Amino acid sequence: MTLRPALVRLSPIAAAIALGLTLSACSGSGLISQRTQGYVLPDDAITQVRPGSSQDFVRVVLGSPQTTSTFGGETAWYYVETKVSRTAFGLTSIQERTVLAVYFGADGRVTDRALYSLEDGRAFAIEQRRTGSFGEDRNFVESLLASI
């Protein structure tokens, strides 16, 4: 058997394999990808955090908090999990957000914990105005020229 008839017979098989590999790369979610940003909050870890637990125990179970706040002698740790979907065109939308707030008393023990979702929050507008400075707003070159 010569090489040419063998190539003619194997070329449809090679083309089918190449087409299959190409199509398998295109399968899946295609235009939309979903991912989790921030912490992944497993239910069993959340149930382990109970009133009376120490800060060290919470740090071992949940890890370091994303954000902390202190008011008076009380402290709160926040763990935020955000599930987003992103299109191939770069548009990102938030599908789900969960915030675990762990509240500590002055003794460093858990007093309460709360789970907040996207529905619990409310949108507010951030003020874009600036407080004016004394005198005029000048750049470096304008300040040099004004001092002459």
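Check the entry above for the structure.
Residues numbered from 1 in each chain as written. Predicted model: local features only at pLDDT ≥ 70, side-chain atom pairs only at ≥ 80, totals over all residues. Heavy atoms only, no water.

Enquirer: An account of the nonpolar core is requested, with residue identities and associated values reported.
Expert: If you look at the biggest cluster of nonpolar residues, it comprises 12 residues: Leu 41, Ala 45, Ile 46, Val 49, Val 58, Leu 62, Trp 77, Tyr 79, Leu 100, Val 102, Phe 104 and Val 110. Within the residue set of this core, elements represented by two or more residues are α2 (43–48), α3 (55–62), β3 (74–87) and β4 (92–104). For this core, the leading source of residues is β4, giving 3 residues. Once residues within four sequence positions are removed from consideration, Val 102 is found in contact with Val 49, Val 58, Leu 62, Thr 75, Ala 76, Trp 77, Tyr 79, Val 110, Asp 112 and Arg 113. (Core = buried A, V, L, I, M, F, W, Y, C linked by side-chain atoms within 4.5 Å. Buried < 20%, exposed > 50% of the residue type's maximum accessible area, 1.4 Å probe, protein only. Helix = DSSP H or I, 4+ residues; strand = E, 2+ residues; numbered from the N terminus. Contact = heavy atoms within 4.5 Å.)

Enquirer: Please give an account of the pattern of salt bridges that cites residues and values.
Expert: Scanning all chains against the criterion turns up 1 salt bridge. A salt bridge links Asp 56 to Arg 59, with the shortest nitrogen-to-oxygen separation between them at 3.7 Å. Of the two residues, Asp 56 and Arg 59 both sit in helix α3, 3 residues apart, roughly one turn of that helix. Take Arg 59: its relative accessible area is 37%, and that puts it in the partly exposed class. (Salt bridge = Lys/Arg side-chain N within 4 Å of Asp/Glu carboxyl O.)

Enquirer: So, the side chain of Thr 82: which residues are in play, and what are the values?
Expert: By the secondary structure assignment, Thr 82 is in strand β3. By relative accessible area, which is 6% here, Thr 82 ends up buried. A polar side-chain atom of Thr 82 sits 3.2 Å from a polar atom in the side chain of Arg 97. The residues touching Thr 82, leaving out its near neighbours within four places in the chain, are Arg 35, Thr 36, Gln 37, Ile 94, Glu 96 and Arg 97. (Polar contact = N/O pair within 3.5 Å; in protein donor to acceptor, adjacent residues only side chain to side chain.)

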